[in-house]
Amino acid sequence: MTNKGRGSAGSAAAEASPPAQPFVLPYTTVDVVIFTVLEDVLQVLLVQRPGTPGEPFPGLWALPGGFVDVAQDADLLACARRKLRDKTGVRSSYLEQLGSWGSAGRDPRGWSATHAYFALIAGEKLALAKGANAADVAWFPVDALLARQRLAFDHREIVQAAVERLRSKVEYTSLPAFLLAEPFTLPQLQRMYECVLGRAVDKSGFRTRMLAAGFLAEAGHVDGESNRPAMGYRLRDRQAPVVFPRSFSPRGGD
């Protein structure tokens, strides 16, 4: 009986122990496509990779991001928020999961998978931080970047996907409001839509749609165009955008 008990315990311990030759784990990272509008142009934040020996893509520009830290990051969203905070100092903004990219060839160090998010922030008066492992940090106009800039890893593909997602969702949601500091006026909000979409929208139809959607709360009068008082607004909910019943049309057709 004693030998049988020892044998059962030994078998259970053997079953609970990890395999002698575990699978090789891929590198797991999170990258964040951070958008803002500066000087009426949609822009994305990039960091310049260091020229340290052994670092892949030295000197090239890349998305802010990095490895998942299992000691700090409870999940992928927590990692994305940490990266956003480290690079911009922003602790709360709109974050949306974009997708995942993975292959044996995207990182010369080995098989890797990255989980990408995109963020919307008000970029004016924002002090950027390049982080410990970056040579520089800067905003880049999105359309010019995609037209001619080479990026590290597959980050150009990720930026392209994020731009397409953003512009598609802006057609039927209140997302551009997350690009503005509060309080903001309706003309300022309309300008955000036009900067992201790259075209004008009808003023009268825009005002009607924004006020009817119920996502704006009056915040008192602020300086408007030509220094005339205008009603300022704040978002009632900064966690998620409002979805409109129909998409925008070009100016004159809304």
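Structure report, in brief. (Residues numbered from 1 in each chain as written. Predicted model: local features only at pLDDT ≥ 70, side-chain atom pairs only at ≥ 80, totals over all residues. Heavy atoms only, no water.)

Moving on: unusual backbone geometry. For the bond from E182 to P183, the omega torsion is -5 degrees, close enough to zero to count as cis. With respect to the helices and strands, the residue P183 is situated in the loop between α4 (155–170) and α5 (186–197). Positive phi is not limited to glycine here, since D40 has a value of about 65 degrees. Here D40 shows up in the loop between β1 (27–38) and β2 (41–48). Relative accessible area serves as the criterion here: at 44%, D40 is assigned to the partly exposed category. With a phi close to 55 degrees, F57 is a non-glycine residue in the positive phi region. The partly exposed category is assigned to F57, whose relative accessible area is 23%. (Helix = DSSP H or I, 4+ residues; strand = E, 2+ residues; numbered from the N terminus. Buried < 20%, exposed > 50% of the residue type's maximum accessible area, 1.4 Å probe, protein only.)

With that out of the way, let us pick up the packing of α5 against helix α6 (residues 203–213). One can describe the packing of α5 onto α6 by two numbers: an axis separation of 11 Å at closest approach and a directional angle of 105 degrees. When the axis of α5 is compared with that of α6, the two are roughly perpendicular. On α6, the residues that touch L186, L189, Q190 and Y193 of α5 are K203, F206, R207, M210 and L211. Class assignment of the residues belonging to the contact of α5 with α6 gives a composition of 6 nonpolar, 1 polar and 2 charged. (Axes fitted to C-alpha atoms, helices over the stretch in contact; angles between N-to-C directions. Parallel < 35°, antiparallel > 145°, perpendicular 65-115°, else oblique. Contact = heavy atoms within 4.5 Å. Nonpolar A, V, L, I, M, F, W, Y, C, P; charged D, E, K, R; others polar.)

Of all hydrophobic cores here, the largest spans 47 residues; its most connected members are F35, L189 and M210. In terms of residues, this core owes the most to one element, α5, which gives 7 residues. Those residues within four positions of L189 in sequence are excluded, and the remaining contacts are P176, A177, L180, F184, F206, M210, F215 and L216. Among the nonpolar cores identified, the runner-up in size contains 17 residues, and I34, A80, L95 and V137 belong to it. (Core = buried A, V, L, I, M, F, W, Y, C linked by side-chain atoms within 4.5 Å.)

This paragraph deals with the pattern of salt bridges. A full pass over the atoms with the stated rule returns 12 salt bridges. With a closest N to O distance of 3.1 Å, D143 and R167 form a salt bridge. Of this pair, D143 sits in helix α3 (residues 142–148) while R167 sits in helix α4, and the two are 24 residues apart along the sequence. With relative accessibility at 48%, the residue D143 sits in the partly exposed group. When its relative accessible area of 22% is taken as the criterion, R167 is described as partly exposed. (Salt bridge = Lys/Arg side-chain N within 4 Å of Asp/Glu carboxyl O.)

Treat this as a map of the structure, not an account of what it does.
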